[in-house]
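Chain by chain, the residues run as shown.
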Amino acid sequence: MTSLPILPPAMLGILGGGQLGSMFTLAAKTMGYRVTVLDPDPNAPAARFADIHLCAPYDDATALTQLSQCAAVTTEFENVNAQAMKDLAQHTRVSPSGECVAVAQNRILEKARITQAGLATAPYRAMTSSDDINDDCISLLPGILKTATLGYDGKGQIRVQTLADVQAAFAQLNQVPCVLEKQVDLRAEISVIVCRLNAENSLTFDPAENHHENGILAYSIVPARLPENVCQQARQMALRLAEELDYVGVLAVEMFVVGDEQQLIVNEIAPRPHNSGHHTIDACSSSQFQQQVRIMCGLPPADTRLLTPCCMANILGDLWGNAGEEPRWQTVQNTTNAHLHLYGKLVARKGRKMGHFTVLADQADKAFSQAKNLHQQLSFE
Ligand code: ADP
Ligand code: MG
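Every chain is numbered independently, its residues counted from 1 as its sequence is written. Chains and ligands are labelled by the order in which they are written, letters from A for the one and numbers from 1 for the other. A pLDDT threshold of at least 70 governs which residues receive local features in this predicted model, and a stricter bar of 80 or more applies before side-chain atom pairs are shown or counted, although totals over entire chains, interfaces and linings include all residues. With hydrogens and water set aside, each side-chain value is computed from the structure's full complement of heavy atoms.

Novice: Could you give me a rundown of empty space enclosed by the protein, with the residues and numbers involved?
Specialist: A pocket here means an open set of points on a 1 Å grid, computed over the protein atoms alone, that has protein on both sides within 12 Å along at least five of seven lines. A cavity is instead a set of points where a 1.4 Å probe fits but cannot get out; residues with an atom within 4 Å of a point line either one. Grid points are joined across faces, edges and corners, and a volume is the space filled by probe spheres set on the points. Counted under the stated rule, the structure contains one cavity of 30 Å³ or more. Its boundaries defined by the atoms lining it, the largest cavity holds a volume of some 50 Å³.

Listed below in structure tokens is the structure:
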């Protein structure tokens with residue numbers, strides 16, 4: 001395989017055609033590439049823009065063979081079969097690597113790598129059988145028991161106060177491998193998106209300050225309202241972790257700001273663009289999706305500068321009426337400093353990410369309050 005950059009109009013492939021795949025496809029098409037998307041959903045958002053939609057299961061041999069003929073392949077989600085990515089890598093350039101995806105899929109591996117990189121996590125223990133529930137766990141209480149794999153948006157985790165709670169929670173999670181994590185004194189949640197081609201070509205976007213509602217990201221404010229030295233340290237830590245993983249691609253690193261000292265600990269990583277990086281489309285000199293395209297093509301990441309303070313607000317299916325009535329788009333569409341992005345999903349369900357909008361303002365605080373205001377006005381009722 002050559003290390004020469006891949007140039008337009010080469011065909012790029014992506015595993016997954018949800019909103020992340022869709023925004024990737026738009027970026028790639030704008031840059032002159034062609035795109036093949038593999039997604040079993042006939043109405044996958046990315047199918048609106050892709051040149052070829054392989055509508056097949058993710059392990060479909062014929063579809064994977066077609067994908068392997070692309071000049072390079074990437075993924076929009078971590079729960080892809082890491083082995084399929086390793087197989088694809090026999091035939092074409094794949095980024096991120098199957099190894100990195102495998103680490104991000106499993107909290108036990110993930111936390112071990114974070115620690116190996118010399119970075120702090122919440123105190124934790126891997127729990128693989130009920131024998132692991134013993135007095136050694138007491139220092140981790142009150143804590144959170146999280147399944148090692150397949151957790152997202154707060155699913156697959158249970159808060160525990162006592163050893164008996166841990167026992168009950170482990171049973172409730174069907175005794176699958178878990179981590180028990182100490183509950184930390186959270187002051188803020190931030191994320192740093194790293195764009196890395198190699199050691200010499202590695203950049204971060206400004207950290208985003210993330211606010212969740214019901215376990216789902218609701219708002220990302222950029223720049224994060226934290227001291228500059230904390231933001232700088234967050235960027236350094238994210239770069240360190242990417243280096244430890246020898247990561248190629250776009251990597252999102254979620255961190256917690258803990259206690260009065262504002263200590264930074266790493267919570268988890270995503271081997272792909274991230275919901276908290278959607279503002280980069282409207283507010284940065286390059287978007288996280290352009291970076292994904294560039295890096296998979298062997299090009300160095302573009303300038304990541306934040307051009308204006310901003311706030312991204314998620315639009316969930318909850319905003320639709322019971323009979324599918326659309327949210328009231330008018331106010332946000334009439335707001336000239338708000339940018340609406342809808343993903344083209346046909347069915348709105350509670351908690352489903354249907355779109356987002358980004359408000360640009362001269363201060364992060366202002367962008368946040370305007371975004372909350374606009375969000376309130378969207379509700380169908
Ligand atoms: P998910 O994969 O669902 O995003 P996370 O590990 O990010 O799982 O946990 C979801 C949320 O739970 C976090 O965004 C944070 O608000 C809270 N949380 C997770 N771990 C801890 C912890 N150790 N201490 C305090 N709060 C936590
Ligand atoms: Mg998380």
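Novice: Hey, could you go over the site of ligand 1 for me, with residue numbers and the actual values?
Specialist: Here, proximity means that at least one heavy atom of the residue falls within 4 Å of the molecule or strand. Around ligand 1, the structure places 21 residues, and the nearest of them are Lys146, Gly154, Glu189, Asn267 and Glu268. Between ligand 1 and the protein, one listed contact pairs an oxygen atom with a backbone N or O atom of Asp153 at 3.0 Å. Any N or O atom pair separated by 3.5 Å or less is treated as a polar contact, with the protein-specific requirement of one donor-capable and one acceptor-capable atom, and with residues adjacent in sequence counted only for side-chain atom pairs. Between ligand 1 and the protein, one listed contact pairs an oxygen atom with a side-chain N or O atom of Glu254 at 3.3 Å. Coverage of ligand 1 by the protein amounts to 90% of the 540 Å² it exposes when considered alone. Broken down by secondary-structure element, the contributors of at least two residues to the shell around ligand 1 are β7 (143-147), β8 (157-160), β9 (178-182), β10 (186-198), β14 (249-258) and β15 (263-270). Here the residues of the shell around ligand 1 are counted per class, giving six nonpolar, six polar and nine charged. When residues of the shell around ligand 1 are assigned to domains, at least three fall in each of domain 2 (123-182) and domain 3 (186-378). Accessible surface area values rest on a Shrake-Rupley calculation with a 1.4 Å probe, where residue burial reflects the displayed protein chains alone. Counting from the N terminus, the helices are the DSSP runs of H or I reaching at least four residues and the strands are the DSSP runs of E reaching at least two. Three residue categories are used. Nonpolar comprises Ala, Val, Leu, Ile, Met, Phe, Trp, Tyr, Cys and Pro, charged comprises Asp, Glu, Lys and Arg, and polar comprises the others, including Gly. Where each domain starts and ends comes from a domain assignment, either automatic or drawn from a database.

Novice: Outline the sheet that holds strand β6 (residues 124-127), supporting the account with residue identities and numerical values.
Specialist: Whether two strands pair depends on DSSP finding at least two bridges between them. With respect to topology, four strands assemble into an open sheet ordered β6-β9-β7-β8, the strand pairing being antiparallel. Because the sheet does not close on itself, it has two edges, and the strands there are β6 and β8. On average, adjacent strands in this sheet sit at an angle of 20° to one another, irrespective of strand direction. Across the sheet, helix α6 (residues 163-172) touches β6, β7, β8 and β9, and the angle it forms with β8 is around 170°. Each axis is a line fitted through C-alpha atoms, taken for helices only over the stretch in contact, and angles between the N-to-C directions span 0 to 180 degrees. Note on contacts: a residue pair is in contact if any heavy atoms of the two residues lie within 4.5 Å.

Novice: Lay out the coordination of the magnesium ion (ligand 2) in plain terms, naming residues and giving numbers.
Specialist: The coordination sphere of the magnesium ion (ligand 2), as far as protein atoms go, consists of Glu254 (OE) and Glu268 (OE), spread over 2.0 to 2.4 Å. One end of the pair, Glu254, is in strand β14; the other, Glu268, is in strand β15, and 14 residues separate them in sequence. Using a 1.4 Å probe on the protein chains alone, a residue whose accessible area is under 20% of its type maximum counts as buried, one over 50% counts as exposed, and one in between counts as partly exposed. For Glu254, a relative accessible area of 17% translates into the label buried. Metal donors were taken as nitrogen, oxygen and sulfur atoms no farther than 2.8 Å from the ion, or 3.2 Å where the ion is Na, K or Ca. Water is excluded, so coordination may look unfinished.

Novice: Lay out the pattern of salt bridges in plain terms, naming residues and giving numbers.
Specialist: Side chains that differ in charge, positive against negative, can pair when their charged atoms come close. A pairing counts as a salt bridge when a side-chain nitrogen of Lys or Arg comes within 4 Å of a carboxyl oxygen of Asp or Glu. A full pass over the atoms with the stated rule returns 17 salt bridges. For Arg272, the salt bridge identified is with Glu78, shortest N-O distance 2.6 Å. Placement of the pair is Arg272 in the loop between β15 and α8 (280-283) and Glu78 in the loop between β4 (72-75) and α3 (82-88), with a sequence separation of 194 residues. Under the relative-accessibility criterion, Glu78 is labelled buried at 16%. What emerges from the salt-bridge pattern is a single network uniting Arg113, Arg240, Glu243 and Glu244.

Novice: Would you mind going over the sheet that holds β4 in detail, with residue names and values included?
Specialist: The five strands lie next to each other as β3-β2-β1-β4-β5, forming an open sheet whose pairing is parallel. Only two strands of the sheet have a single partner each, and these edge strands are β3 (52-54) and β5 (93-94). Inspection of the sheet shows strand β2 (residues 34-38) paired to β3 by three bridges, in the parallel sense. Within the sheet, the bridge partner assigned to Val37 lies in β3 and is His53. With respect to the sheet, helix α9 (residues 288-296) is in contact with β1 (11-15), β4 and β5, its orientation differing from that of β4 by roughly 140°.

Novice: Run through the packing of helix α1 (residues 19-30) against α9, naming residues and quoting values.
Specialist: Where α1 contacts α9, the axes come no closer than 8 Å and their chain directions differ by 70°. Judged by the angle between their axes, α1 and α9 are roughly perpendicular. Between α1 and α9 lies a crossing of right-handed hand. Here Leu20, Met23, Phe24, Ala27 and Ala28 of α1 come into contact with α9, specifically with Phe289, Gln290, Gln292, Val293 and Met296. Broken down by class, the residue content of the contact of α1 with α9 amounts to eight nonpolar, two polar and no charged. Roughly parallel means an angle under 35 degrees; roughly antiparallel, over 145; roughly perpendicular, 65 to 115; everything else is oblique. By definition, any crossing whose near helix is turned counterclockwise from its far helix by less than a right angle is left-handed, and any crossing with a clockwise turn is right-handed.

Novice: Account for the pairing of strand β16 (residues 310-316), with residues named and values stated.
Specialist: With seven of seven residues buried, β16 lies mostly within the body of the structure. With burial as the criterion, each face of β16 is covered, one bearing Cys310, Met312, Asn314 and Leu316 and the other bearing Cys311, Ala313 and Ile315. Across seven bridges, the pairing between β16 and strand β18 (residues 353-360) is antiparallel. Paired with Cys310 across the two strands is Leu360, which belongs to β18.

Novice: Account for the domain arrangement of the chain, with residues named and values stated.
Specialist: You'll often see interface size given as the accessible area lost when the parts meet. What the domain assignment reports for the chain is domain 1 (11-94), domain 2 (123-182) and domain 3 (186-378). Each of domain 1 and domain 3 has a C-alpha centre, and the two are 23 Å apart. Facing the 22 residues of domain 1 at the interface are 22 residues of domain 3. Buried area counts how much accessible surface, traced with a 1.4 Å probe, disappears from two parts once they are put together, with both parts' losses summed. Contact with domain 3 buries surface across domain 1, with Gln19, Leu20 and Met23 losing the most and accounting together for 30% of the total. Counting across the domain 1 and domain 3 interface gives one salt bridge.

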